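Topology and contacts: notes
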Amino acid sequence: MEDAGIGWIAAIIIGGIAGWLAEQFMKSNMGALMNILLGIVGAIVANALLGLFGINLGGWIGYLIAGFIGACILIALGRMIRR
């Protein structure tokens, strides 16, 4: 997050938006706190996975994209574990 120039408050806001977008895309039903957590943790997961392929997303938009991708991955993993 610090590399992207994003502070903690901005990370919470962007994480919440990314989590909400992933929730809508994956048609799941989560609360606002879970959306924020999914967005922030999802951004960390997605940045790590994309880093393996040499892709580096930076800035607000990059963090939002990474959060969305990571949150979708986490929702899919959660569904696989529950089944």
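Residues numbered from 1 in each chain as written. Predicted model: local features only at pLDDT ≥ 70, side-chain atom pairs only at ≥ 80, totals over all residues. Heavy atoms only, no water.

**Digging into the overall build of the protein chain**
As a reminder of what qualifies: Helix and strand definitions here come from DSSP, where helices need a minimum of 4 consecutive H or I residues and strands a minimum of 2 consecutive E residues; each element is numbered from the N-terminal end. The reference for a compact globule is 2.2 Å times residues^0.38; the radius of gyration itself is calculated from the C-alpha atoms. Burial classes follow relative accessibility: with a 1.4 Å probe on protein chains only, a residue under 20% of its type's maximum area counts as buried, one over 50% as exposed, and anything between as partly exposed. When checking whether two residues touch, look at their non-hydrogen atoms; a contact exists if any pair is within 4.5 Å. What sets the accessible areas is the Shrake-Rupley method with a 1.4 Å probe; for residues, cover comes only from the shown protein chains.
Counting its secondary structure elements, the protein chain contains 3 helices and 0 strands. In terms of overall size, the protein chain behaves like a compact globule, its C-alpha atoms giving a radius of gyration of 12 Å where 83 residues would be expected to give roughly 12 Å. Across the 83 residues of the protein chain, 34% fall into the buried class. The contacts of the protein chain with a sequence gap of at least 6 include a subset with a gap of at least 24, amounting to 67%. As displayed, the protein chain has an accessible area near 5,200 Å², and 73% of this comes from carbon and sulfur atoms.

**Topic: a nonpolar patch on the surface**
Basically, it comes down to this: Surface patches are drawn from residues lacking salt bridges whose relative accessible area is over 30%; two like charges belong together within 9 Å, two nonpolar side chains (Val, Leu, Ile, Met, Phe, Trp, Tyr) within 5 Å. When a carboxyl oxygen of Asp or Glu lies within 4 Å of a side-chain nitrogen of Lys or Arg, that pair is called a salt bridge.
Among the surface-exposed residues, Ile9, Ile13, Ile17, Trp20 and Leu21 lie close enough to one another that they form a single nonpolar patch of about 500 Å² accessible area. Looking at the secondary structure, you find Ile9 in helix α1 (residues 8-26). A relative accessible area of 65% places Ile9 in the exposed class.

**Some points on the environment of Ala22**
Mapped onto the elements of the fold, Ala22 is located in helix α1. By relative accessible area, which is 0% here, Ala22 ends up buried. Between the C-alpha atoms of Ala22 and Ile75, which are 53 residues apart in sequence, the distance is 8.2 Å. Not counting residues up to four positions away in its chain, the partners in contact with Ala22 are Phe68, Ala71, Cys72 and Ile75.

**Let's talk about the environment of Ile13**
Structurally, Ile13 can be placed in helix α1. Distance in space between the C-alpha atoms of Ile13 and Asn29 is 19 Å, their sequence separation being 16 residues.

**Notes on the nonpolar core**
Formally: Throughout this description, the term nonpolar core refers to a set of buried Ala, Val, Leu, Ile, Met, Phe, Trp, Tyr and Cys residues connected via side-chain atoms within 4.5 Å.
Ranked by size, the top nonpolar core spans 7 residues in total: Ala11, Ile14, Ile40, Ala43, Ala46, Tyr63 and Ala66. When residues of this core are traced back to their parent elements, those giving at least two are α1, α2 (32-52) and α3 (59-82). Considering every element that reaches this core, the biggest residue donor is α2, with 3 residues. Sequence-distant contacts of Ala46, defined by excluding residues within four places in its chain, comprise Ala66, Ile69 and Gly70. If you look at the next biggest cluster of nonpolar residues, it comprises 6 residues, including Ala22, Met26, Leu38 and Ala71.

**A look at the side chain of Ser28**
Along the polypeptide, Ser28 turns up in the loop between α1 and α2. On the accessibility criterion, Ser28 (17% relative accessible area) is buried. Ignoring any residue separated from it by four or fewer positions in sequence, one finds Ser28 in contact with Glu23, Ile75 and Arg79.

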